[in-house]
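For reference, the chains in residue letters:
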Amino acid sequence: MRGVQASADRSEPPRAERAATQPVLLVADRVRTLDPDRPTARAVCCAGGRITWVGDDPDDCPTRDVRRIDLDGAELQPAFVDAHVHLTVTGLTLAGLDLHACRTVEDCLASVRAIADVVPGHAIWGGGWDDFGWPERRPPSAEELARAAEGRPVLLVRADGHAAVIDRVTLDAAPLSRCDGVERDAVGRPTGLLRREAAELARSWFRAELPRTQLTDARRTVVDHAASLGISSVHEMGGPDPMGDDDFDAWLTGDWPVEVVGYWSEPDLDFVAARGLTQVGGALLLDGTVAGRSAALESAYADGVDAGHLYQETSELTDFLARAVRARIQVALHCIGDRAIRQAVEALESVAEVTSSTAVRHTRPRFEHCELVPAALLPRMAALGVVASVRPSFDAVWGGPGGLYETRLGVGRSAGMNPLRALSDAGVTLAFGSDADVTPMDPWAAIGAAQRHHQVAARLDPDTAWRAAVLGGRHAARQHDAGVVRPGQRADLAGFAIGGDGTPACVLTVTRGRIVHGEQSVAG
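**Focus on the overall build of the protein chain**
Looking only at helices and strands, the protein chain has 19 helices and 21 strands in total. Compactness check: the protein chain gives a C-alpha radius of gyration of 23 Å against a globular reference of 24 Å for 524 residues, within 12% of the reference. With respect to the three principal axes, the spread of C-alpha positions in the protein chain is 80 × 55 × 45 Å. With 524 residues in all, the protein chain has 58% of them scored as buried. When contacts within the protein chain are restricted to residue pairs at least 6 apart in sequence, those whose partners lie at least 24 apart make up 71%. Entry remark: accessible area of the protein chain is about 20,200 Å², with carbon and sulfur atoms responsible for 49%. Across the protein chain, the 54 positively charged side chains and the 72 negatively charged ones have centroids separated by 2 Å.

**Focus: the packing of helix α16 (residues 443-451) against helix α17 (residues 462-470)**
Their axes nearest at 9 Å, the elements α16 and α17 cross at an angle of 140°. Crossing of α16 over α17 shows right-handed handedness. On the side of α16, the interface is formed by W444, I447, A450 and Q451, while α17 contributes P462, A465, W466 and A469. Grouping the amino acids of the contact of α16 with α17 by side-chain chemistry returns seven nonpolar, one polar and no charged.

**Observations regarding unusual backbone geometry**
Negative phi characterises most residues that are not glycine, and trans characterises most peptide bonds. A cis amide bond, omega 15°, links A436 with the succeeding residue D437. Here D437 lies in the loop between β18 (429-432) and α16. Backbone geometry places R137, a non-glycine residue, at a positive phi of 55°. Residue placement: R137 occurs in the loop between β7 (124-129) and α3 (142-148). Despite not being glycine, C370 shows a phi value in the positive range, around 50°. Residue position: C370 is located in the loop between β16 (366-369) and α12 (378-383).

Scoring rules and cut-offs
Residues numbered from 1 in each chain as written. Predicted model: local features only at pLDDT ≥ 70, side-chain atom pairs only at ≥ 80, totals over all residues. Heavy atoms only, no water. Helix = DSSP H or I, 4+ residues; strand = E, 2+ residues; numbered from the N terminus. Rg over C-alpha atoms; globule rule 2.2 N^0.38 Å. Buried < 20%, exposed > 50% of the residue type's maximum accessible area, 1.4 Å probe, protein only. Contact = heavy atoms within 4.5 Å. Areas by Shrake-Rupley, 256 points an atom, 1.4 Å probe, with all protein chains shown as cover. Lys, Arg positive; Asp, Glu negative; His and termini not counted. Charge placed at Lys NZ, Arg CZ, Asp CG, Glu CD. Axes fitted to C-alpha atoms, helices over the stretch in contact; angles between N-to-C directions. Left-handed = near helix turned anticlockwise from the far one by under 90°. Nonpolar A, V, L, I, M, F, W, Y, C, P; charged D, E, K, R; others polar.

Laid out in structure tokens, this is it:
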């Protein structure tokens, strides 16, 4: 749990980070470049937002009027990309109530009580709870939340992002009477747990009630946090649920310390064209989640009676994809279950028949999450130029014996979840993302999770995993001028030193030539 810092209202965009007006020479113990012509170096010069020189001896730099920063004991590399995030929601959790560590209902309620004491007057937005492993096997009730928050509005989003619990006052006030997904007790009274349509409506309604200062602080909190991790670019998966178009536009127009690549989750090509975007989707749902038994499967859940369901009619999806391909608009599709992934592949193949496979590949379609992938679809995905935007940390949280995947899917199917190695071997580009705040933004944790997948056959080697965290997002965003440390590329860089616990600690982040994290710690 982190407390919210009270602050005065700030107009959008937030304060601009200091621009890099003087060329900067960065000198490290080693520079890892990803340039096959010069795999390593020791020094990099940046000017005008671009890399202008890379070399081994800083004295060889042709630019003389430079500001030199020595990263003693550190390695410099291309900055990370988080290819799938929900920024403002994550910021609200970081600045408010992070429930990922809760292990019981009482843990959750204690966190609500603590934040209510620390930050009086605020509505309480929290996220990250997961009752799958709790002994009670249930979230807090509306009455329990109301008592813990002392009457203040509370909304706590489940870790998978597809369910939420709210307090009794909010439950009575929100317009949920006709919504699907309101859980009720034996006598028909709403418990406070909301799924599907009800969860979406409650999040949107609650967001509209938040003070503007709280949203502004949340946005600043999350991008500063990303920069502190060596992330210089994030792919924002925005949409009507839960934050709306005003929040999405704030991300597109604000001056942030990291690059924000915006994806709008509705199939509305006019909306993205009006904003000058050439991508759409991200949270454009073909199915739901394994946790909620709403991911679309070819056969029934091991612990359920049905197989989930598809959210889109195939004919409508195919028509939309065809219009997007003709307009050269990239589409990112949320597809988790094998049935949903099959629908996405078959729809794209139908589009390729009426346009061309080259036209489809040119748009670089994205499959978000892409968890239960039938082996027979792997070469077809590669032929279509699909990018698998994947979450290695999902396996760390839900994989393995007795985990959520095994409980929902059974031993056989759960073994095939998140087949990172098979995707890579088939020629499908991997792009790592956190889906924050489902799992925390943490590129090194994602790299580690990919190497330690609970299925040995699905594990990635260290270099492939690192490249998926660095270059995968650049490929997914169709960016050809970033991700490699060589002259002419964008100066998006990150410096890491090994911390006391043996993990890399970010000491410097550079976005488009601007130092956005760590300047004081390395430059004095």
